[in-house]
Amino acid sequence: MKARIALLLFFLGFIPQSATPQEMENETAPRQVTDRIIVKYHPKPTQGNAMAFIKQGVSYGSFGVAAGKDKEILEIGSSLNINDVQTLADSLEDDPQIAFAEPDFIMQIMRTPNDSRYNEQWHYFESTAGSNLPAAWDISTGHNVIVGVIDTGIVYHKDIDGNVVSGHDFISHSWIANDGGGRDSNATDSGDAVTSAGACGYTNGQPIPSLPTESSWHGTHVSGTIAAESNNSTGVAGVAWNAKVMPLRALGRCGGYTSDIIDAMRWAAGLDVYGMARNSNPVKVINMSLGGFSYGCPQSYQNAINEVVSAGVTVVVAAGNENTNAAYATPANCHNVITVGAVDRGGDRSWYSNYGSHVDISAPGGETRYYGNGVLSTANAGATSATQDNYEYYQGTSMATPHVAGVAALMYSINPDLTPARLEEIIKFNARPFSGGTCNTRLCGAGILDAGAAVLDASDE
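Predicted, not measured: the structure shown is a model, and the values here were computed from it. Note on numbering: residues in each chain are counted from 1, in written sequence order. Whole-chain, interface and lining totals are the exception, using all residues; otherwise, since this is a predicted model, local features are given only for residues with pLDDT of at least 70 and side-chain atom pairs are given and counted only at 80 or more. Note: side-chain values were computed over all heavy atoms of the structure, leaving out hydrogens and water.

A. The arrangement of the environment of Pro113 in detail. Within the secondary structure, Pro113 is located in the loop between β3 (98-103) and α5 (122-125). Accessible area is worked out with a 1.4 Å probe on protein chains only. A residue is then buried under 20% of its type maximum, exposed over 50%, and partly exposed in between. Take Pro113: its relative accessible area is 6%, and that puts it in the buried class. Any two residues having at least one pair of non-hydrogen atoms within 4.5 Å are treated as being in contact. With near-sequence residues (within four places) excluded, Pro113 lies in contact with Tyr118, Trp137, Ser230, Asn231, Ala237 and Trp241. Secondary structure elements are defined from DSSP: runs of H or I of at least 4 residues count as helices, runs of E of at least 2 residues count as strands, and each element is numbered from the N terminus.

Structure, rendered in structure tokens:
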């Protein structure tokens, strides 16, 4: 037996040794390890012969630890990756007197961050409609992944600033940009407040907006859900708290043009954009918590999405908030994207969420008409221009979408070789079933996002 184990380790290509703390820290994701195998024997009279067979050749460690009537614990002398221990266990089963052998798994408490307002982020951990993130964080927290956020830009916030990398402002219209110019390298959100009704035009004689609006700080809120600095005893946690956010400003006063959004997508993915140097730090995920009305996906959108996805980038988009079929919302109705609907705290479809066959998955979007039932994330207290950073409860498919984008980052961190198509497949396959009510697979996608199951599945690829 000793010779068999030694030969097996030779073919695995390493000499077993305990992982050092530094090695564990440098891993893309935590290694699941153990140094013991549970051996279960067939009933007597063969049990004694089996034990003698094992003890005869193996001298790596001791035997008899926690032994029972018909089982024994085999210590292999050092901590190995769980997959390698499984291979060793499988080899023991070659002996006909052994019923089965399996790794003696080491279980851990579910990892949760210590951020002071984490307990208010029901959308991460509650069993009904939460995203099961603590189970995912035991495997990955998002190292070495950049998520591009095409939105209003971002303002300084103490709880996310350390996880922001340089982006770009793609707004070509100076009034929409509200920063004194057009495109530039500064992706700071200068505010999208509209101070007069009708400033964005009229539809059927009705002004847009119907009343003045304050700045939304939408991009800051979305970015906080994706990658707020976490486990720092402050504020909120992010879905992928060791990932980075790249702000790509394409929305300002009254929204943003498709042409600007498309250029932001292409540049984020490291593709050519006329008049710009290529992005040398391309993203792996693009979050688009935005949308508009269209009977079909515009060809310019679809072409850009296809190119970005071909470059290995997952595109996650909001289903829209019009309480209508997502077939009429763009880019929710485009192909090769993950379209995200919203569920409330009770697991039902949020009253505003678009629905239908274009929705791939649902995630927590919240409902702010009930205090504490919105999605809590980073924001700013300024009514028009940025003042003091704060935290706010928002609702919308815009809030559901970054949950999925963050989980995609966790999955890429543990398995960077995933294709966008395979990543989407894993997310949908591992979704939790709807508990009834107003959601089903015809209306709300494959189910409710289950981060723990999706990340675990990605790690096994």
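B. View of the pairing of strand β11 (residues 314-318). For β11, a buried count of five out of five residues is recorded, marking the element as mostly surrounded by other parts of the structure. Judged by which residues are buried, β11 turns out to be covered on both faces: Thr314, Val316 and Ala318 on one side and Val315 and Val317 on the other are all buried.

C. Structural view of the sheet that holds strand β9 (residues 285-288). Two strands pair if DSSP finds at least two bridges between them. Across the sheet, which stays open at both edges, the seven strands sit in the order β5-β8-β4-β9-β11-β13-β14 with parallel pairing between neighbours. Here the strands that pair on one side only, and so sit at the sheet edges, are β5 (168-169) and β14 (361-364). Pairing between β5 and strand β8 (residues 244-249): two bridges, direction parallel. Within β8, the position partnered with His168 by the bridge is Leu248. Angular values range over 0 to 180 degrees, each being the angle between N-to-C directions of two axes fitted as lines to C-alpha atoms, with helices fitted over their stretch in contact. The strands touched by helix α11 (residues 397-414) are β4 (146-151), β9, β11, β13 (338-343) and β14; relative to β13, the strand with the most contacts, the crossing angle is about 125°. Lying over the sheet, helix α12 (residues 420-429) contacts β11, β13 and β14, oriented at roughly 25° with respect to β13.

D. Representation of the state of the cysteines in the model. Working definition: a disulfide is two cysteine sulfur atoms within 2.5 Å of each other. Applying the stated rule across the entire model yields three disulfides. Put simply, Cys297 and Cys334 are joined by a disulfide, and their sulfur atoms are 2.0 Å apart. Residues Cys297 and Cys334 share a disulfide whose torsion about the S-S bond is about 85°; that sign makes it right-handed. Of this pair, Cys297 sits in the loop between β10 (292-293) and α10 (299-310) while Cys334 sits in the loop between β12 (329-330) and β13; the two residues are 37 residues apart in sequence, bridging distant segments of the chain. According to the relative accessible area criterion, Cys297 is partly exposed, its value standing at 22%. Each sulfur in the disulfide pair Cys439 and Cys444 lies 2.1 Å from the other. Its torsion about the S-S bond being -90°, the disulfide of Cys439 and Cys444 is classed as left-handed. With its disulfide-bonded cysteines labelled consecutively along the sequence, the protein chain is connected as 1-2, 3-4, 5-6.

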